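Chain by chain, the residues:
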There are 2 protein chains.
Amino acid sequence: MTTNSLTSTTDRDNGDNGGGSAAQRDRRRRILDATYALASDGGFDAVQMRAVAERADVALGTLYRYFPSKIHLLVSALGRQFEEAVPRLTERPIPGETPADRVLYVLKRMARGMQGDPKLTEALTRAFMFADGTVSAEIHAVGMSMTSLVTHAMRGSDDGREITEEEIAVARVLGDVWLSALVAWVTGRSTAAETAAHMETAVRLVLH
Amino acid sequence: MTTNSLTSTTDRDNGDNGGGSAAQRDRRRRILDATYALASDGGFDAVQMRAVAERADVALGTLYRYFPSKIHLLVSALGRQFEEAVPRLTERPIPGETPADRVLYVLKRMARGMQGDPKLTEALTRAFMFADGTVSAEIHAVGMSMTSLVTHAMRGSDDGREITEEEIAVARVLGDVWLSALVAWVTGRSTAAETAAHMETAVRLVLH
DNA sequence: GCATAATCAGAAACACGTTCCAGTTTTGTT
DNA sequence: AACAAAACTGGAACGTGTTTCTGATTATGC
């Protein structure tokens, strides 16, 4: 199992998306848009496959052709959200004196973004947690984005150095804590403030 | 049917259900036993409410009277498993020279136990991750067990000292990592060996 | 011992994820 | 242009979690 060069500049669309005709790309976009809208409005339960299909103006069978399950659909939506967020967060140097400060800055900004749309976050997080092995590709992609984000924040700017094992380990641990905290928040077991405090503690612990 | 101490030997009912007649306690026990058996055999999907009811020899409506949802049912089962495991793991001094060694010992032993019954673990973990706010009580109990387990391992034996904030923070971070690793393993996204390696890295990172 | 309330069994019904199918439209090839 | 293959539509249908209903059974207070 490896962990490759994460801060890939490659924007490549991998198999599950890039190909296809313009009509197909458009359908896919409409489906993901409908998913966003429904999730943002009513959370996981409101993302009903019939409703998504109707809103995206495709038949139910077509929806299932593009996304073989509700989980795939939501995890793909989460993936797209990350794809959009990561460049926004990494394009300019990240403020902060120490790696801990910078990582916290990034994590908090991301948390704030998600907390601004709680229902959407609930839907996506839940899907992520419920996914089984058949979604490992999509999930791996999200994990990579997360790792890349954190390692990028640990250094202030994008020098060319190879990313070390240590950095990856730190990033993965922080990613795990972040996910758990997110789940706790999403399920109403902790407040946003508690989540933030917990993340801060974890970062200071791990980044000596 | 397999294996371990899960198939209740203890007949005692604990706090969250202690009340009620003997017949009610017996029904509850039968229901949880059926849940164990089905989960151990076929995992989350195999725990079907009709099947649980039939196996426990109660009507479907009765099952729902005792546990308002499948998630509640499974999370309760997980809670009982923890209740049984924690004393077994904390009753004697934990081997290991350093806190890191001892924590690893405990976590690995627990992981081994769960990996010995993968389907059961899958079912319980999924339920845990999918739970919403209405099961926060049960989930909080599990979280406390986990924290207590780790803090106990960090010290070798049970001296009377107050547990520090720092220790709790470390325990919570490790609990988060453990949970994420467990989810990754359960959903087939990582192997047992990878999970163990990841846990080891995290422990060494957090416990200097 | 009996009246009353609580609980239970059994079964039907509903909701939503998922699958399947017959017919139609779009796309690609020759 | 004609044909074949692939994709799409509309809708029915199935499985499983959940709810609801009715009549039996059991527990509880007098």
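Our subject is the structure listed above.
The following refers to the structure shown.

### So, the protein's contact with DNA strand C
Part 1: Inspection of the region around DNA strand C gives 16 residues, with R50 of chain A together with A59, T62, R65 and Y66 of chain B positioned closest.
Part 2: The sugar and phosphate moieties of DNA strand C supply 66% of its atoms located within 4 Å of the protein.
Part 3: Within the contact set of DNA strand C, a phosphate oxygen lies 3.0 Å away from a side-chain nitrogen or oxygen of Y64 of chain A.
Part 4: Interatomic distance of 3.2 Å between a side-chain N/O atom of R50 of chain B and a base nitrogen of DNA strand C.
Part 5: Counting residues per element, the surface near DNA strand C draws most heavily on helix α3 (residues 60-66) of chain B, which supplies three residues.

### Let's talk about the pattern of salt bridges
Part 1: Applying the stated criterion across every chain yields a total of 19 salt bridges over all chains.
Part 2: Close ionic contact of R204 of chain A with D101 of chain A constitutes a salt bridge, the shortest N to O distance being 3.6 Å. Placement of R204 of chain A in helix α9 (residues 192-206) and of D101 of chain A in helix α5 (residues 99-115) is noted, with a sequence separation of 103 residues between them.
Part 3: On the basis of relative accessible area, R204 of chain A is assigned to the partly exposed category, the value being 39%.
Part 4: Relative accessible area serves as the criterion here: at 29%, D101 of chain A is assigned to the partly exposed category.
Part 5: Among the ionic pairs, E122 of chain B bridges to R126 of chain B, the shortest N-O distance being 2.8 Å.

### Comments concerning helix α2 (residues 49-56) of chain A
Residues and elements named next belong to chain A.
Part 1: Of all the residues in α2, the buried ones are M49, V52, A53 and A56. Across the axial projection of α2, the buried residues extend over an arc of 95°, all falling on one side. Facing away from the buried side of α2, by more than 90 degrees, are the exposed residues R50, E54 and R55.
Part 2: On its buried face, α2 is in contact with α1 (22-46), α3 (60-66) and α4 (70-90).
Part 3: The first or second residue beyond α2 is D57, which carries a positive phi of 60°.

### Quick notes on the packing of aromatic side chains
Part 1: If you walk through the whole model with that rule in mind, you get one aromatic pair over all chains.
Part 2: On the numbers, 5.5 Å between centres and 80° between planes, the contact of F130 of chain A with F44 of chain B is edge-to-face. Of this pair, F130 of chain A sits in helix α6 (residues 118-130) while F44 of chain B sits in the loop between α1 (22-42) and α2 (49-56), placing the two residues on different chains. There is no split in this pair, since F130 of chain A and F44 of chain B are both buried.
Part 3: Sitting over the ring of F44 of chain B, K70 of chain B keeps its end group 4.1 Å from the ring centre.
Part 4: Sitting above the plane of the F130 of chain A ring, R126 of chain B keeps its charged end 5.4 Å from the centroid.

### Some thoughts on the relation of the copies chain A and chain B
Part 1: At an RMSD of 0.3 Å, chain A and chain B line up after a rotation of 179° and a shift of 0.1 Å along the axis. Seen this way, the second copy is the image of the first under a two-fold rotation axis.
Part 2: The overlap is high: 96% of the interface residues of chain A also sit at the interface in chain B, so the same surface is used on both sides.

### Focus: the protein's contact with DNA strand D
Part 1: Taken together, 16 residues lie near DNA strand D, and A59, T62, R65 and Y66 of chain A together with R50 of chain B sit nearest.
Part 2: Note that a phosphate oxygen of DNA strand D is positioned 2.8 Å from one of the side-chain N or O atoms of Y66 of chain A.
Part 3: At 3.5 Å, a backbone N or O of V47 of chain B approaches a phosphate oxygen of DNA strand D.
Part 4: Of all the secondary structure elements, the ones that give two or more residues to the surface near DNA strand D are α3 of chain A together with α2 and α3 of chain B.
Part 5: It is α3 of chain A that contributes the most residues to the surface near DNA strand D, three residues altogether.
Part 6: Here the residues of the surface near DNA strand D are counted per class, giving seven nonpolar, three polar and six charged.

Calculation notes
Residues numbered from 1 in each chain as written. Chains lettered and ligands numbered in written order. Predicted model: local features only at pLDDT ≥ 70, side-chain atom pairs only at ≥ 80, totals over all residues. Heavy atoms only, no water. Near = heavy atom within 4 Å. Polar contact = N/O pair within 3.5 Å; in protein donor to acceptor, adjacent residues only side chain to side chain. Helix = DSSP H or I, 4+ residues; strand = E, 2+ residues; numbered from the N terminus. Salt bridge = Lys/Arg side-chain N within 4 Å of Asp/Glu carboxyl O. Buried < 20%, exposed > 50% of the residue type's maximum accessible area, 1.4 Å probe, protein only. Arc of directions from axis to C-beta. Contact = heavy atoms within 4.5 Å. Phe/Tyr/Trp six-rings, centres within 6.5 Å; stacked < 30°, edge-to-face > 60°. Lys NZ or Arg CZ within 6 Å of the ring centre and 35° of its normal. Least-squares fit on C-alpha atoms with pLDDT ≥ 70 in both. Nonpolar A, V, L, I, M, F, W, Y, C, P; charged D, E, K, R; others polar.

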